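# Examining the three-dimensional arrangement
Each chain is listed here by its residues.
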Amino acid sequence: MDTHIGAAAPKNPRVVPTAVPRAPGSGLTLVIKLGTSSIVNEKTLFPKMSTLSLLIETVHEMRLMGHRVIIVSSGAVGMGLKRLNMTKRPQTLSQVQAVAAVGQGRLMALYDDLFGQLDIPIAQVLLTKDTLAERSQYLNACNTFKELLNFNTVPIVNENDTVSNSEIRFGDNDTLSAITAGMVNADYLFLCTDVECLYTDNPRTNPDAKAVRLVEDIASLKVQVSSPGSSLGTGGMVTKLIAAELATAAGCSTIITIGSDPKRMLTILDEMAAHHHDSPSTKFEPSVGTLFVRKPNPMVDRKWWILHGLADRGCVYVDEGAANALRKKTSLFAAGIVDVEGVFGGDQTVKVVWKREVDVGDGKKETRIEEIGKGLVNYGSSEIARIKGCKSYEIHVVLGYVDSDCVIHRDNFVLAK
Ligand SMILES: N[C@@H](CCC(=O)OP(=O)(O)O)C(=O)O
């Protein structure tokens, strides 16, 4: 237990994380990610009407089975290109953003028409990396998802392309879908793409490439995945593996499957249900697609958010004692801080780094930098600059108030791998 020193009430009281609870009973929370290649014909740029209709029927069946479904959909740029009679993605970011602004409305109109035929209400959720890096906005988005699912809608998520600049972009919707899956505590994330599953090599160029059906440990995967995505989309297999790593760490099993045959998701769900009937394990070999098994001990919501925490707002440098203490799961106190970098407020995520001078012989010294982990700070950068090196009881004297006796509480700190 960290001792609280000082009488002032916390200025930034911790917000209690309220991620969406797991669906009760047989009902699962499912996130389906559709890449541009599943939505828009690469040559004609017309929407793939038959695929989309099959998808909507599949979602309808999933809902009849008691599942809750969220779609992460690309396609705004593709649809916008068609509307503006353009034949390929423009070169400048602002043009791409403008095209996405044209296409996003048409994309949602199409979803609304199709889902509307089956009496399914939809909702548009546009997110950016920047806003999700703010803990309170992240939690607001979690709460909105919760209500949208309570209202029985199908939330349809995309990146808010119009406001996302290069530094604050997800860029590909694979990552966004994994973040979404974490936010709603999804049981399954389906990454729909233009290949049937993960292969040991690119099946288009190597006829000996073998299908990989089950992945238990992404780090030990031996596959060649350097190929880029389609001409319109931005992701490829690499971003799918990153997404799978993120989602499985949050306790969400992830499946790569082909977007042109949405019904395969039902096959996988049936196989999963049959498997669960015999065994409690989430590990099974599907007959289609590739399953990435979720981690048995998923990170709790807040720690997952901190670690994958989107954008670090700065860096706090610590001394050896603090570095060792953090590794032993103690909170970070001002006394162990030697420097601060970046401009950030309280309640933002920062990197914690041990910076030390090492003797390298001949009277020479070298600076070594070691990342200890990431944490959510209780004080902003200007406050930390003033209290660094201070004992906890001195914070009140220096700042005139005390928000917390520690700069990063151990519950809000995640060690680097
Ligand atoms: N937000 C963009 C999608 C980004 C993108 O290209 O994603 P993807 O097709 O999944 O690689 C859009 O709606 O066009």
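The structure displayed is predicted, hence computed values, not measured ones.

Looking now at the sheet that holds strand E11 (residues 315-318). With mixed pairing, five strands are arranged side by side in an open sheet as E12-E11-E13-E14-E15. In this open sheet, the two strands that pair with only one neighbour each are strand E12 (337-341) and strand E15 (413-415). In this sheet, adjacent strand axes meet at a mean angle of 30 degrees when their direction is disregarded. For E11 and E12, the ladder comprises four bridges, and the chain directions are antiparallel. Note on E12: the bridge partner recorded for Val316 is Val340.

This brings us to the environment of Thr44. In this fold, Thr44 is placed in the loop between helix H1 (36-39) and helix H2 (49-64). On the accessibility criterion, Thr44 (37% relative accessible area) is partly exposed. Placed 331 residues apart in sequence, Thr44 and Gly375 show a C-alpha to C-alpha distance of 47 Å.

With that out of the way, let us pick up the pattern of salt bridges. Within this structure, the stated rule accounts for 12 salt bridges. Here Asp174 ties to Lys33 by a salt bridge, and the two come within 2.9 Å at their closest N and O atoms. Here Asp174, found in helix H7 (residues 173-183), pairs with Lys33, found in strand E1 (residues 29-34); they are 141 residues apart in sequence, far enough to count as distant. Note on Asp174: relative accessible area 0%, which makes it buried. A salt bridge links Asp359 to Lys365, with the shortest nitrogen-to-oxygen separation between them at 3.9 Å. For the pair formed by Asp359 and Lys365, the shared burial category is exposed.

This part is about the side chain of Ser404. Locating Ser404 in the fold gives a position in the loop between helix H13 (395-399) and E15. In this structure the side chain of Ser404 is engaged in a polar contact, spanning 3.2 Å, whose partner is the side chain of Asn378. Looking at Ser404, its side chain comes within polar contact range of the main-chain oxygen of Cys406, at 3.2 Å.

Here we take up the confidence of the model for the protein chain. When the pLDDT values of the protein chain are averaged, the result is 85; 88% of them are 70 or greater. Predicted confidence in the protein chain is weakest over helix H10 (residues 301-307), with a mean pLDDT of 74, and strongest over strand E2 (residues 68-73), with 98. At the level of chain-chain contacts, confidence expressed as ipTM amounts to 0.95, with global pTM at 0.78.

Mapped onto this numbering, the UniProt entry annotates "domain: PUA" (unreviewed entry) at residues 314-408. Across residues 314-408, the secondary structure splits into 21% helix and 34% strand, with the terminal C-alpha atoms separated by 13 Å.

Let us look at the sheet that holds strand E3 (residues 122-127). In space, the eight strands of this open sheet follow the order E3-E4-E2-E1-E5-E9-E10-E8, with mixed pairing throughout. Looking at the sheet topology across the chains shown, the edges are occupied by E3 and strand E8 (214-215). With five bridges connecting them, E1 and strand E5 (residues 188-193) associate as parallel partners. Looking at E5, one finds that Ile32 is bridged to Phe190. Sitting on the sheet, helix H9 (residues 264-278) touches E1, E5 and strand E9 (253-258), and the angle it makes with E5 is about 150 degrees.

With six of six residues buried, E5 is to be regarded as a mostly interior element. Of the two faces of E5, the one carrying Tyr188, Phe190 and Cys192 and the one carrying Leu189, Leu191 and Thr193 are both buried.

Attention shifts here to the packing of aromatic side chains. A complete count under the given rule lists two aromatic pairs for this structure. When the ring of Tyr111 is compared with that of Phe115, the centres are 6.3 Å apart and the planes differ by 25 degrees; the resulting orientation is stacked. One end of the pair is Tyr111 and the other is Phe115, both in helix H4 (residues 93-117) and four residues apart, which spans about a single turn. Judged by its relative accessible area of 0%, Phe115 falls in the buried class. The ring of Phe46 carries the charged tip of Lys82 above its face, separated from the ring centre by 3.9 Å. The ring of Tyr317 is capped by Lys355, whose NZ or CZ atom sits 4.5 Å from the centre of that ring.

We now examine the side chain of Thr29. By the element assignment, Thr29 lies in strand E1. Its relative accessible area of 0% is what places Thr29 among the buried residues. There is a polar contact of 3.5 Å between the side chain of Thr29 and the side chain of Arg68.

Turning our eyes to something else, we now look at the packing of H2 against H9. Packing of H2 against H9 leaves a shortest axis separation of 9 Å and a crossing angle of 25 degrees. By the criterion of interaxial angle, the relationship of H2 to H9 is roughly parallel. Between H2, through Leu55, Thr58, Glu61 and Met62, and H9, the contact on the second element is made entirely by Met265, Leu266 and Leu269. For the contact of H2 with H9, the per-class residue count stands at five nonpolar, one polar and one charged.

Before going further, it helps to examine the environment of Ser38. Tracing the backbone shows Ser38 in helix H1. Residues Ser38 and Trp304 lie 266 residues apart in sequence; the distance between their C-alpha atoms is 29 Å. Dropping the residues within four chain positions of it, Ser38 is found in contact with Lys48, Thr51, Cys192, Thr193 and Gly259.

What counts, and where the lines are drawn
- Residues numbered from 1 in each chain as written.
- Predicted model: local features only at pLDDT ≥ 70, side-chain atom pairs only at ≥ 80, totals over all residues.
- Heavy atoms only, no water.
- Pairing = 2+ DSSP bridges.
- Helix = DSSP H or I, 4+ residues; strand = E, 2+ residues; numbered from the N terminus.
- Axes fitted to C-alpha atoms, helices over the stretch in contact; angles between N-to-C directions.
- Buried < 20%, exposed > 50% of the residue type's maximum accessible area, 1.4 Å probe, protein only.
- Salt bridge = Lys/Arg side-chain N within 4 Å of Asp/Glu carboxyl O.
- Polar contact = N/O pair within 3.5 Å; in protein donor to acceptor, adjacent residues only side chain to side chain.
- pLDDT = per-residue confidence, 0-100.
- UniProt positions renumbered as here; feature names shortened; annotations may be inferred.
- Contact = heavy atoms within 4.5 Å.
- Phe/Tyr/Trp six-rings, centres within 6.5 Å; stacked < 30°, edge-to-face > 60°.
- Lys NZ or Arg CZ within 6 Å of the ring centre and 35° of its normal.
- Parallel < 35°, antiparallel > 145°, perpendicular 65-115°, else oblique.
- Nonpolar A, V, L, I, M, F, W, Y, C, P; charged D, E, K, R; others polar.

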